[in-house]
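# Structural overview
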Amino acid sequence: MGRVQDKVALVTGGAVGLGEAMCRMLAREGAKVVITDIKDEEGKALADAIVKEGGEAIYLHQDVAREDDWKKAIDETLARYSGLDVVVNNAGVALGATAEDTTLEDWKWLMSINLDGVFLGTRYAIKAMKERGGGSIINLSSIEGIIGDSNLAAYNASKGGVRIFTKSAALHCAKSGYKIRVNSVHPGYIWTPMVEGYLRSVGDVDEGRRQLDALHPVGHVGEPDDIAYGVLYLASEESKFMTGTELVIDGGYTAQ
């Protein structure tokens, strides 16, 4: 307990799935958690649940693709807690389509959330954290930011962009002496509402789950806490010598 005691942590897309697991774990380990999402009902319920369990959390409505929402979320966080130590750029969407079938409209929509949102989150986190004297920015990429999938053209591009943008931001912060670390996390397939929704959009969910399980050498997809533990590590001082790198949590998927 207490691995991130009294740190202020903002998690985008925090209401459900991976984000929910991250928020619960960070709160259990002592962080003051700012949950942001566009899913207001779920986000408010999660904040209430964390408080009832003895943690500290608030919920803020935020569309990560909107710069004004970022300004408001950061301002409200600083007004409430007088600082910001951790930002987890977790919010993301998926689209099952090839390079040939992806429309420009769909491409721009996905990029606005998966890549623009991470850029804005990193930019505004740096502004807040350098005044604090340091911090940790954690950007959610994917195994799909490392390897390709013929039916995930836009998603591949966005997550690959997150991976290399993270390195650029990390170098900037390190060379500027900000004491801000920036790393990316690369989950394999994790059983979340987003993955289940993707499988439903392309076929049978149960059969899709079996196929995904078989892709991972350990024999199954991951659970949200598998990723939350990685985020907790990067948020804590235990990872003080890590910046500009990838934390791959994928059940052996990319080792093949």
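Coordinates for the structure precede this section.
Calculation criteria
- Residues numbered from 1 in each chain as written.
- Predicted model: local features only at pLDDT ≥ 70, side-chain atom pairs only at ≥ 80, totals over all residues.
- Heavy atoms only, no water.
- Core = buried A, V, L, I, M, F, W, Y, C linked by side-chain atoms within 4.5 Å.
- Buried < 20%, exposed > 50% of the residue type's maximum accessible area, 1.4 Å probe, protein only.
- Helix = DSSP H or I, 4+ residues; strand = E, 2+ residues; numbered from the N terminus.
- Contact = heavy atoms within 4.5 Å.
- Lys, Arg positive; Asp, Glu negative; His and termini not counted.
- Salt bridge = Lys/Arg side-chain N within 4 Å of Asp/Glu carboxyl O.
- Axes fitted to C-alpha atoms, helices over the stretch in contact; angles between N-to-C directions.
- Parallel < 35°, antiparallel > 145°, perpendicular 65-115°, else oblique.
- Left-handed = near helix turned anticlockwise from the far one by under 90°.
- Nonpolar A, V, L, I, M, F, W, Y, C, P; charged D, E, K, R; others polar.

Counting residues in hydrophobic clusters, the biggest one holds 41 residues, and the most contacted among them are Leu-10, Trp-70, Leu-84 and Tyr-189. Top contributing element to this core by residue count: helix H5 (residues 116–132), with six residues. In this view, Leu-10 contacts Val-34, Thr-36, Gln-62, Trp-70, Ala-73, Ile-74, Thr-77, Leu-84, Val-86, Val-87 and Val-88; residues no more than four positions away in its chain are not counted. Cys-23, Val-33, Val-88 and Ile-227 belong to the second-largest nonpolar core, a separate cluster that totals 31 residues.

Tracing the sequence through the fold places Glu-29 in the loop between helix H1 (17–28) and strand S2 (32–37). At 5.0 Å, Arg-3 is the nearest oppositely charged side chain to Glu-29, a buried residue that forms no salt bridge. The contacts of Glu-29, once residues within four sequence positions are left out, are Met-1, Gly-2, Arg-3, Val-4, Gln-5 and Leu-232.

Bringing the packing of helix H4 (residues 104–114) against helix H6 (residues 153–175) into the picture now. Axis separation between H4 and H6 bottoms out at 10 Å; the angle between their running directions is 30°. Between H4 and H6, the crossing angle belongs to the class labelled roughly parallel. Considering only the axes of H4 and H6, their crossing is right-handed. Every residue of H6 that contacts H4 at Trp-107, Leu-110, Met-111 and Asn-114 is listed here: Ala-153, Ala-154, Tyr-155, Ala-157, Ser-158, Lys-159 and Val-162. Residue composition of the contact of H4 with H6, grouped by class: eight nonpolar, two polar and one charged.

Turning our eyes to something else, we now look at unusual backbone geometry. The backbone phi angle of Asp-6 is positive, close to 70°, even though this residue is not glycine. In this structure, Asp-6 sits in the segment before strand S1 (8–12). The class of Asp-6 is partly exposed, set by a relative accessible area of 45%. With a phi angle near 65°, Ser-82 is a residue other than glycine that sits in the positive phi range. Structurally, Ser-82 can be placed in the loop between helix H3 (67–81) and strand S4 (86–89). Take Ser-82: its relative accessible area is 61%, and that puts it in the exposed class.

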